Number of protein chains: 2
Amino acid sequence: MGEFELIRRFFAAAPCAQTAAGVALGIGDDCALLQLAAGEQLAVSTDTLVAGVHFPDPCDAFLLGQRALAVAASDLAAMGAAPLAFTLALTLPAAEAAWLEAFARGLGQMAHGCGLALVGGDTTRGPLSLTLTVFGRLPAGLALTRSGARVGDLLCVGGSLGDAAGALALVLGQQQVEEALAAPLLARYWAPQPQLALGQLLRGKATAALDISDGLLADCGHIARASGVALLIERERLPLSPALLAIYDREAALNHALAGGDDYRLAFTLPAAQMAELQAAWPELTVVGRVEQGEGVQLLDAGGRSLDLPETGYQHFRP
Amino acid sequence: MGEFELIRRFFAAAPCAQTAAGVALGIGDDCALLQLAAGEQLAVSTDTLVAGVHFPDPCDAFLLGQRALAVAASDLAAMGAAPLAFTLALTLPAAEAAWLEAFARGLGQMAHGCGLALVGGDTTRGPLSLTLTVFGRLPAGLALTRSGARVGDLLCVGGSLGDAAGALALVLGQQQVEEALAAPLLARYWAPQPQLALGQLLRGKATAALDISDGLLADCGHIARASGVALLIERERLPLSPALLAIYDREAALNHALAGGDDYRLAFTLPAAQMAELQAAWPELTVVGRVEQGEGVQLLDAGGRSLDLPETGYQHFRP
């Protein structure tokens, strides 16, 4: 048995590979088989993480396993899909048992937390990279797309912004702070929690949604373009965590929230009539702006005056 | 707009990205949406090809695009699934327009031939590799797995074997033959035709099936293990193409057919009562052996005597 055959057996035995509802056949044949209920659609998304581009190399294998699946699962949250399963294509320079054990443990923990079953994949030799394809279930017609925002809707986010961008300097070792301060930000970088429950809550309510990966400004630009509207963001409304403000001054924290990335919070547009009920169900929900006629994204100060946009184009990790 | 945004637009405009039956939402949102008919299951398979490991680097981008999708789609054929869609995760050191144009053309041609719609993916910067995830539809309960072979069944293959393995020396430039001789073998290496129609024909008839990627002997070992039976292969029955025999003597050709790989023909077990009808529908169908009690794979000569197995463990391309 080659070392790569060993890897396959290793993942096949992982707890996240257990057969789940909706999985008719898991790992081990030419294909996995997924089953939907009547009237359901399957949501599919693929994400690749390359060592040295999307994460530091070397890095902690447990954390990498967590983060890789979280990033991929966040796309299911953005569509309002219920988590079902995923495949993992893992390319490795060599098979090291300790690395694999830690990676599979991190992956398994996130899979368990998200409710995603590992149903297949591929293991190949080469420069370290990972491609995950995630699957979710949705009642037909209820997917949250980017294109439905309407003039008059409120612009909302599902929680504090900028934490992961604020953590990046710590991840890269460019900044040192005491561990108690660093830990909560690092957790938001390495183990973002895909807002799967929120996404499902927004079905039939939000008019447009996505998950913030490139930064609020850049991602709101995607909604504005797809929906043919303008999004106005009120800078002073952006929710900032105590953890971020413990390390950065308010100005720097706001810039992380606007132009940073890797938040994996949902951003969405919502008719005002939906607000009260949703905010009761999801207390972290924060209104950060509104939809108007026009195009693109505008940033407003507390007095409603237009501000220059900070430089965007967050590039995630780059060595 | 960054160069990678350009790539995304490029693929979004490719003919293979057209919305097809079963694709409720294609490229451009957080997820694609697939739709099944009542009573159907979704077959899913993921394959990674790494430059320098699974294909020569550099290589012709058009041929790479064809081959990458064919290899992935062959897993759908092996389950008896009807082709539906695929995602492409493409990792590239740089975005070169000519390379991308040729690659997308090769990919699009194979996608069109197979009936697969490109519904999403990811484009990242890094060492060249491709991960494709393919999706097919199947009536629930009719998937061809590896585990149903029964004592008394015939062992069959869907066409000539060994061509791609025979082409490898040409691909690697280790052997030179005139172009008219090389062309048909090289076509079998670079553009294998996934046996999707045959797979669907075998639904409800074959008791076990897979596609031959590691060589007949190794892959029959998978069926034998999964089904708890022994597979007997009669060496003189192996179908060899005129193209293979034009370059190799019969002994070398038989070794390519047994221990080579990359055939992407289906191998399957079939109750004898099914033979006549299937052979009428698929003239290339060839009986190469039978299922008996026991375990593992045995190789027999024309007189039914057991032969030593040639060395297996075909490693596909390796520099």
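The name given to chain A in an unreviewed UniProt entry is Thiamine-monophosphate kinase, with Pseudomonas cavernae as the source organism. Reading the Sequence similarities (unreviewed entry) entry of the UniProt record for chain A gives the comment "Belongs to the thiamine-monophosphate kinase family."

A.B. asks: Whenever I open this one, the sheet that holds strand β11 (residues 286–292) of chain B confuses me. Can you help?
C.D. replies: Hydrogen bonding along the main chain pairs the strands of a sheet, whether they run parallel or antiparallel. Residue and element names in this part refer to chain B. A sheet is described by the order of its strands in space; here 7 strands give the open sequence β8-β10-β7-β11-β9-β12-β13, paired in mixed fashion. With one partner strand each, in any of the chains shown, β8 (208–211) and β13 (306–307) form the two edges of the open sheet. Summarising the sheet, strand β7 (residues 154–157) and strand β10 (residues 266–270) pair through 4 bridges and their orientation is antiparallel. Its bridge partner lying in β10, V157 is registered against A267. The sheet contacts of helix α2 (residues 61–79) involve β8 and β10, and relative to β8 the element is tilted by about 170 degrees.

A.B. asks: Explain the UniProt feature "binding site: ATP" (unreviewed entry) in chain A to me, please; I cannot follow it from the model alone.
C.D. replies: In the UniProt entry, the feature "binding site: ATP" (unreviewed entry) is given for G121, D122, R146 and S213 of chain A. With the annotated positions falling across 93 residues, the maximum pairwise C-alpha distance of 31.4 Å shows that they are not confined to a single cluster. Mapped onto the secondary structure, D122 of chain A falls in strand β5 (residues 117–125). For D122 of chain A, a relative accessible area of 16% puts it in the buried group. Dropping the residues within four chain positions of it, D122 of chain A is found in contact with L88, A89 and L90 of chain A together with T46, D47 and T48 of chain B. As for its placement among the helices and strands, S213 of chain A is situated in the loop between β8 (208–211) and α7 (216–227).

A.B. asks: Looking at this structure, how should I read the relation of the copies chain A and chain B?
C.D. replies: For the pair of chain copies, the relating transformation is a rotation about an axis with a translation along it. Take chain A, turn it by 180 degrees, move it 0.0 Å along the axis, and it overlays chain B with an RMSD of 0.0 Å. Overall, the copies show the geometry of a two-fold rotation axis. Distance from the rotation axis, computed per C-alpha, reaches its smallest value in chain A at A38 of chain A: 3.1 Å. Mapped onto chain B, 100% of the interface residues of chain A are again interface residues, and the two copies thus contact each other with one and the same surface.

A.B. asks: What should I look at first to understand empty space enclosed by the protein in this one?
C.D. replies: Summary: where empty space remains is shown by rolling a probe the size of a single water molecule over the atoms. In total, this model carries 1 cavity of 30 Å³ or more according to the counting rule given. Volume-wise, the largest cavity comes out at about 50 Å³. Forming the boundary of the largest cavity are V50, T91, P127, L128 and S129 of chain A together with V50, T91, P127, L128 and S129 of chain B.

A.B. asks: Just checking my understanding: could you explain the domain arrangement of chain A for this structure?
C.D. replies: You'll often see interface size given as the accessible area lost when the parts meet. Residue and element names in this part refer to chain A. Taken as a whole, chain A is organised into domain 1 (3–139) and domain 2 (154–307). Of note, the centres of domain 1 and domain 2, computed from C-alpha atoms alone, are 26 Å apart. Counting across the domain 1 and domain 2 interface gives 1 salt bridge. Here R67 and D262 are joined by a salt bridge, their closest N and O atoms 3.4 Å apart. At the level of elements, α2 (61–79), β4 (82–92), α3 (97–114) and β6 (129–139) are the ones that each hand at least two residues to the side of domain 1 that touches domain 2. Here the residues of the side of domain 1 that touches domain 2 are counted per class, giving 17 nonpolar, 4 polar and 3 charged.

A.B. asks: Looking at this structure, I do not really get the UniProt feature "binding site: Mg(2+) 3" (unreviewed entry) in chain A. What am I missing?
C.D. replies: As recorded in UniProt, the sites labelled "binding site: Mg(2+) 3" (unreviewed entry) are D30, D75 and D211 of chain A. Their sequence span is 182 residues, while the largest C-alpha to C-alpha distance among them is 32.4 Å; these annotated residues do not converge on one region. By the element assignment, D75 of chain A lies in helix α2. In this view, D75 of chain A contacts S45, D47 and D211 of chain A together with D30 and C31 of chain B; residues no more than four positions away in its chain are not counted. Structurally, D211 of chain A is set in strand β8. With a relative accessible area of 4%, D211 of chain A lands in the buried category. Setting aside anything within four residues of it in sequence, one finds D211 of chain A in contact with S74, D75, A78, D219, Y264, R265 and L266 of chain A together with D30 of chain B.

A.B. asks: Which parts of the structure should I look at to understand the pairing of β4 of chain A?
C.D. replies: Residues and elements named next belong to chain A. Across the 11 residues that make up β4, a large majority, 11, are buried. Note: β4 against β6, 9 bridges, orientation antiparallel. Across the sheet, residue L88 finds its bridge partner in β6, namely L132. Bridging between β4 and β5 involves 8 bridges; their strand directions are parallel. Considered in β5, the bridge of L88 is made with G121.

A.B. asks: Would you mind going over the packing of aromatic side chains with me for this structure?
C.D. replies: Two descriptors summarise a pair of aromatic rings, namely the distance from one centre to the other and the angle between the planes of the rings. All told, the structure shown has 5 aromatic pairs over all chains when counted by the stated rule. Pairing F135 of chain A with F135 of chain B gives two aromatic rings, centres 5.7 Å apart and planes at 85 degrees, and the pair type is edge-to-face. Of this pair, F135 of chain A sits in strand β6 while F135 of chain B sits in strand β6 (residues 129–139), each in a different chain. Like F135 of chain B, F135 of chain A is buried. Each ring, one from Y189 of chain A and one from W190 of chain A, has its centre 5.1 Å from the other, and the planes form 85 degrees; the classification is edge-to-face. Residue classification places Y189 of chain A among the buried residues on the basis of a relative accessible area of 0%. Taking relative accessible area as the criterion, W190 of chain A reaches 9% and is therefore assigned buried. The ring of Y189 of chain A is capped by R67 of chain A, whose NZ or CZ atom sits 4.2 Å from the centre of that ring.

The rules we used
- Residues numbered from 1 in each chain as written.
- Chains lettered and ligands numbered in written order.
- Predicted model: local features only at pLDDT ≥ 70, side-chain atom pairs only at ≥ 80, totals over all residues.
- Heavy atoms only, no water.
- UniProt positions renumbered as here; feature names shortened; annotations may be inferred.
- Pairing = 2+ DSSP bridges.
- Helix = DSSP H or I, 4+ residues; strand = E, 2+ residues; numbered from the N terminus.
- Contact = heavy atoms within 4.5 Å.
- Axes fitted to C-alpha atoms, helices over the stretch in contact; angles between N-to-C directions.
- Buried < 20%, exposed > 50% of the residue type's maximum accessible area, 1.4 Å probe, protein only.
- Least-squares fit on C-alpha atoms with pLDDT ≥ 70 in both.
- 1 Å grid on protein atoms, 1.4 Å probe; cavity = no way out; pocket = protein on both sides within 12 Å on 5 of 7 lines; lining within 4 Å.
- Points joined across faces, edges and corners; volume = space filled by probe spheres on them.
- Domains from an automatic or database assignment.
- Salt bridge = Lys/Arg side-chain N within 4 Å of Asp/Glu carboxyl O.
- Nonpolar A, V, L, I, M, F, W, Y, C, P; charged D, E, K, R; others polar.
- Phe/Tyr/Trp six-rings, centres within 6.5 Å; stacked < 30°, edge-to-face > 60°.
- Lys NZ or Arg CZ within 6 Å of the ring centre and 35° of its normal.

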